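Breakdown of the fold
As a plain string of letters, each chain reads:
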Amino acid sequence: MTAYTASHWGIYEVARDAAGQASLRSFADDPDPSPIGLHQMDASLARLRVLRPAVRQSWLEKGPGAAPELRGREPFVEVSWETALDLVAAELLRVREAHGNSAIFGGSYGWSSAGRFHHAQSQVHRFLNAVGGYVRHMDSYSLGAGRALMPHIVAPMDELMAQHTSWHVMAEHTQLFVAFGGVPAKNAQISAGGTGRHRVREGLHRMAARGVRFVNIGPVHDNLDTGAEAEWIQARPNTDTALMLALAWVLREEGLADRGFLARCCTGYERFERYLSGEEDGQPKTPEWAGAITGVPAARTAALAREMAAHRTMLNISWSLQRATYGEQPFWMLVTLAAMLGQIGLPGGGFGLGYGATNLMGSPHPRLPGPTLPQGRNAVRDFIPVSRIADMLLHPGAPFTYVGGHYAYPDIRLVYWAGGNPFHHHQDLNRLERAWRKPETIIFHEQYWTPAAKRADIVLPATTTLERNDIGSSTKEGYLVAMRPVSAPAGEARDDYDIFAALAARMGAAGTYTEGLDSEGWLRRLYAETRQKSARQGIDLPEYEAFQEAGLVSLSAHDRPMVMLEAFRADQAESPLNTPSGRIEIFSERIAGFGLPDCPGYPVWREPAEWLGGPGTDRHPLHLLSDQPVRRLHSQLDASGYSTAGKVRGRELLYIHPEDAGARGLADGDIVEVFNDRGRCQAAVQRSAQVMRGVVRLNTGAWYDPDPATGVEKHGNPNVLTLDVGASGFSQGCSAQTCLVEVSGPVADPPPITAFELPDLLPGNR
Ligand SMILES: Nc1nc2c(c(=O)[nH]1)N[C@H]1C(S)=C(S)[C@@H](COP(=O)(O)OP(=O)(O)OC[C@H]3O[C@@H](n4cnc5c(=O)[nH]c(N)nc54)[C@H](O)[C@@H]3O)O[C@H]1N2
Ligand SMILES: Nc1nc2c(c(=O)[nH]1)N[C@H]1C(S)=C(S)[C@@H](COP(=O)(O)OP(=O)(O)OC[C@H]3O[C@@H](n4cnc5c(=O)[nH]c(N)nc54)[C@H](O)[C@@H]3O)O[C@H]1N2
Ligand SMILES: [Mo]
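Parameters at a glance
- Residues numbered from 1 in each chain as written.
- Chains lettered and ligands numbered in written order.
- Predicted model: local features only at pLDDT ≥ 70, side-chain atom pairs only at ≥ 80, totals over all residues.
- Heavy atoms only, no water.
- UniProt positions renumbered as here; feature names shortened; annotations may be inferred.
- Domains from an automatic or database assignment.
- Contact = heavy atoms within 4.5 Å.
- Buried area = accessible area lost by both parts, 1.4 Å probe.
- Salt bridge = Lys/Arg side-chain N within 4 Å of Asp/Glu carboxyl O.
- Polar contact = N/O pair within 3.5 Å; in protein donor to acceptor, adjacent residues only side chain to side chain.
- Nonpolar A, V, L, I, M, F, W, Y, C, P; charged D, E, K, R; others polar.
- Near = heavy atom within 4 Å.
- Areas by Shrake-Rupley, 256 points an atom, 1.4 Å probe, with all protein chains shown as cover.
- Helix = DSSP H or I, 4+ residues; strand = E, 2+ residues; numbered from the N terminus.
- Buried < 20%, exposed > 50% of the residue type's maximum accessible area, 1.4 Å probe, protein only.
- Pairing = 2+ DSSP bridges.
- Phe/Tyr/Trp six-rings, centres within 6.5 Å; stacked < 30°, edge-to-face > 60°.
- Axes fitted to C-alpha atoms, helices over the stretch in contact; angles between N-to-C directions.
- Parallel < 35°, antiparallel > 145°, perpendicular 65-115°, else oblique.
- Left-handed = near helix turned anticlockwise from the far one by under 90°.

The name given to the chain in an unreviewed UniProt entry is Biotin/methionine sulfoxide reductase, with Muricoccus roseus as the source organism. Listed in UniProt under the heading Cofactor (unreviewed entry), the comment for the chain reads: "Mo-bis(molybdopterin guanine dinucleotide)". As stated in UniProt under Sequence similarities (unreviewed entry), the record for the chain gives "Belongs to the prokaryotic molybdopterin-containing oxidoreductase family."

Laid out in structure tokens, this is it:
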């Protein structure tokens, strides 16, 4: 009998040798397994585990708020669990008493690990609700602008993600696939909660083999592997909206727009048309106009518009396009362009929002309502759009807007984090360092001594998925996994659940938090609920014991091909959208009503804060793309042998066009400094003609490693360079992809990397 474990990057089989020693193998049912997860047990990771509760020395000796500038720079004192839990409970009670629960930030953004019960973010939210509430976050770094926008113009992102037209349908029906930002198979290694079968490479290759023609638009070309030639139209970063407008202009000018579809299924086209034609602002959005912005020849744009109209065309957009200033616009304009083509709801036509961004999009599996830990009720109303954390800490009381509402940042005294790494995910990390000094207390649950854990006051050691029982499940991945512990907890690590249960007991909230159940009790309860919900969907799941026995349930018998928005297209009265008009909103009265100059009522081109056509290129002439890493998930497992094998001289690779490298006298493997006015990091040069001139690419996820003497980040973490402003007053989404830099070097004597060193740990009262 095979035992399994689930992770964001796939299901793995747990093998044991004669001595009982466990190891991980790829999942036999997976056609394209990811190697990332095979390295979860590397010794290089094990040595970075947090083994015992630890308290920053000044905080322990002098109390909350002591020497916040020393966070990340002074030793930790290791204490007993009893001491640590007493300190945390007393501090939560103190802050609650003195400032109220709205002084506690528990947004705690981050991917944590697969497993539906031991999901750290759900656990911390449930716990903080049980003790009176916390300041929460809205949306994600992934889809800040897109998630806020889509419900107003089509449908909520989660609904759309689960509805994407299946790969098989596209292989059958699509003739032309136009990708803004590729379909990166490297990203489809991942699905939140656990990939089942990796489908993207297979899906793309089958489409190409069936004769689908691919056009890849954007600054990078090695993000679309179809096994065949694909045309690359080089367009400057953050300018896709201008190009899409020009495509729309040609459709309109040449009578190729599907007026019938626009009238039947959409609202507001006429309003948008006044902008498109130039009636509104005097500027017709012609291919020549767009060419000056994007760098794409006008003739190619015009021809592409005609090709789109003449074929069954699928338009795809990468999520990264909305991780930019005015990030709503490319998503809105993609939907508008697809609406003008009139193929939305037809097999193989319409639009995709992120094929390749994770494995989920295009999978034919049923959408299973997987187990979820109930969160309880949050008595605090304050929130922030997730990527506004530094603004919140730096400017308590300052106003902000979000989806039409007006709010103010709360005054945070205590930060509680479990399952995320803000010194990975946030932009402009030098600014975050300054903001990080504001709270009196920062508490982390972590498995590893990450850069964020090193910058906390109290660190409580958490177990990994490989050390606990759980249920693995991910919407539309087609599996439920009975996750088995593979090894004993490292050191004194405890499950997040047990830590919160002990704290809740100290704070008189044990009943609310645990409802009298231990982990096993919760797993049984959550499974029983899932079983009931599935039965209502016509899916019979086995009893809990039989599920445990089998180790895994496959839902593939319920697979069925999907066509996005098929029912809506067929009958708008019977299956209306949940937008104010029930239709696709090319003009949104609601959004127009918010009166935001940076996000009006229809899609528009606006110059990004930093871009290759704007001011600032004199000093920082390169556009930096900080995309998702090939060899890890964000910062997770960065110390694994697999991730470090992708580095050169210990540093991340900076992909740069050979001519841009030549102009700076740089050769492969040179260590360079990438810089702008916000910061400076080192990276290793990798020349590549797969990025366009004027663009450099640096994966995210290298553990943040600033040199205390110089302030230079040594490891290649692009977030010391990125811009920390909201995408717009509408969504306040993350704008990481809007960023100009310059590159200099080579650096003669690069200092050693210290990211993977433990902090100084002193023995305390144990
Ligand atoms: N420049 C730039 N920045 C970006 C992006 C970009 O494109 N460019 N992308 C953004 C995006 S889309 C995202 S989603 C974010 C990702 O940002 P994060 O989700 O914060 O990154 P992770 O590295 O996955 O951090 C998860 C942390 O949780 C810990 N963890 C895992 N399991 C458990 C557990 O069971 N218990 C506890 N207590 N801890 C656990 C891990 O050790 C790890 O430190 O980054 C964003 N940042
Ligand atoms: N291996 C791995 N996979 C992952 C993750 C990971 O950490 N590791 N993270 C997961 C997460 S949390 C998320 S949210 C998704 C994110 O998925 P995406 O947001 O799609 O990921 P990125 O790799 O940042 O960007 C995709 C492509 O868009 C291109 N691009 C960037 N800016 C522009 C632009 O302005 N115009 C055009 N046309 N193209 C542009 C980039 O060159 C890149 O090749 O990935 C998921 N998958
Ligand atoms: Mo993400």
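Moving on, we come to the domain arrangement of the chain. By domain assignment, the chain separates into domain 1 (3-139 + 370-474 + 485-550), domain 2 (150-366 + 563-593) and domain 3 (609-766). Once you take the C-alpha centre of each, domain 1 and domain 2 turn out to be 36 Å apart. Taken together, the contacts link 20 residues of domain 1 with 14 residues of domain 2. Across the domain 1/domain 2 interface, buried area totals approximately 1,400 Å², and carbon plus sulfur atoms make up 55% of it. Taken together, domain 1 and domain 2 are joined by 1 salt bridge. Taken together, the connections running from domain 1 to domain 2 amount to 10 residue pairs in polar contact (both at pLDDT 80 or more). Here the side of domain 1 that touches domain 2 is composed, by residue class, of 11 nonpolar, 6 polar and 3 charged.

Near ligand 1 you find 34 residues, and of these Ser113, His425, Glu446, Ser635 and Asn719 are the closest. Measuring from a nitrogen atom of ligand 1, one finds a side-chain N or O atom of Asp496 at 2.7 Å. Against a free-state accessible area of 930 Å², the protein chains account for coverage of 99% of ligand 1. Elements with a contribution of two residues or more to the shell around ligand 1: helix H16 (422-425) and strand S18 (441-446). Along the lines of polarity and charge, the residues of the shell around ligand 1 split into 7 nonpolar, 23 polar and 4 charged. For the shell around ligand 1, the two domains that each supply at least three residues are domain 1 (3-139 + 370-474 + 485-550) and domain 3 (609-766).

Right, let's get into helix H12 (residues 287-294). Of all 8 residues that make up H12, 6 are buried, and the element is covered over most of its length. At the C-terminal side of H12, Gly295 shows a positive phi close to 85 degrees.

Here we take up the pairing of strand S3 (residues 22-26). In terms of strand pairing, strand S2 (residues 10-16) meets S3 through 5 bridges, oriented antiparallel. Residue Ala15 lies in a different strand from S3, and its bridge partner there is Ser23. Here S2 folds back onto S3 in antiparallel fashion, the turn holding 5 residues, of which Gly20 has a positive phi close to 90 degrees.

A cis geometry characterises the amide bond from Gly745 onward to Pro746, with omega recorded as 0 degrees. Counting through the fold element by element, Pro746 comes out in the loop between strand S29 (740-744) and strand S30 (761-763). Residues other than glycine seldom take positive phi values, yet Asn238 does so here, at roughly 70 degrees. Examined against the element boundaries, Asn238 turns out to sit in the loop between strand S10 (231-234) and helix H9 (240-253). You can call Asn238 buried: its relative accessible area is 16%.

This part is about the packing of aromatic side chains. Each aromatic ring pair is characterised by the separation of its centres together with the angle its planes make. Tallying each qualifying case throughout the model produces 34 aromatic pairs. Ring centres of Phe27 and Tyr479 lie 5.3 Å apart, and the angle between their planes is 80 degrees; on these two criteria the pair is classed as edge-to-face. Pair noted here: Phe27 is in the loop between S3 and helix H1 (43-46) and Tyr479 is in strand S21 (residues 479-483), with a separation of 452 residues, a long-range link. Where Phe400 meets Tyr409, the ring centres are 4.5 Å apart and the plane angle is 20 degrees; that geometry is what we call stacked. An identical accessibility class is assigned to Phe400 and Tyr409; each is buried. Through pairs of rings, three or more aromatic residues link up here, namely Phe117, Phe127, Tyr416, Tyr497, Phe500, Tyr513 and Trp522.

This part is about the UniProt feature "domain: Molybdopterin dinucleotide-binding" (unreviewed entry) in the chain. Here, the residues flagged by UniProt with the feature "domain: Molybdopterin dinucleotide-binding" (unreviewed entry) are residues 622-739. From the first C-alpha to the last, residues 622-739 spans 8 Å; its make-up is 8% helix and 21% strand.

As a further point, take the sheet that holds strand S17 (residues 414-418). Strand order across the open sheet formed by 7 strands is S6-S17-S18-S19-S4-S5-S30, with mixed pairing between neighbours. Where the open sheet ends on each side, the last strands, each with one partner, are strand S6 (104-105) and S30. With 4 bridges joining them, S18 and strand S19 (residues 458-461) adopt parallel strand pairing. Of the residues in S19, the one forming a bridge with His445 is Leu460. Here helix H3 (residues 81-99) sits on the sheet in contact with strand S4 (54-56), S6, S17, S18 and S19, set at roughly 130 degrees to S19. The strands touched by helix H4 (residues 120-130) are S6 and S17; relative to S17, the strand with the most contacts, the crossing angle is about 140 degrees.

A few words on the packing of H3 against helix H19 (residues 496-506). Contact pair H3 / H19: the axes reach a minimum separation of 9 Å and the direction vectors enclose 60 degrees. As judged from the angle between their axes, H3 and H19 are oblique. Relative to H19, H3 is oriented so that their crossing is right-handed. Note on element contacts: H19 touches H3 through Ile499, Ala502, Leu503 and Arg506, opposite Trp81, Glu82, Leu85, Asp86, Val88 and Ala89. The class makeup of the residues in the contact of H3 with H19 is 7 nonpolar, no polar and 3 charged.

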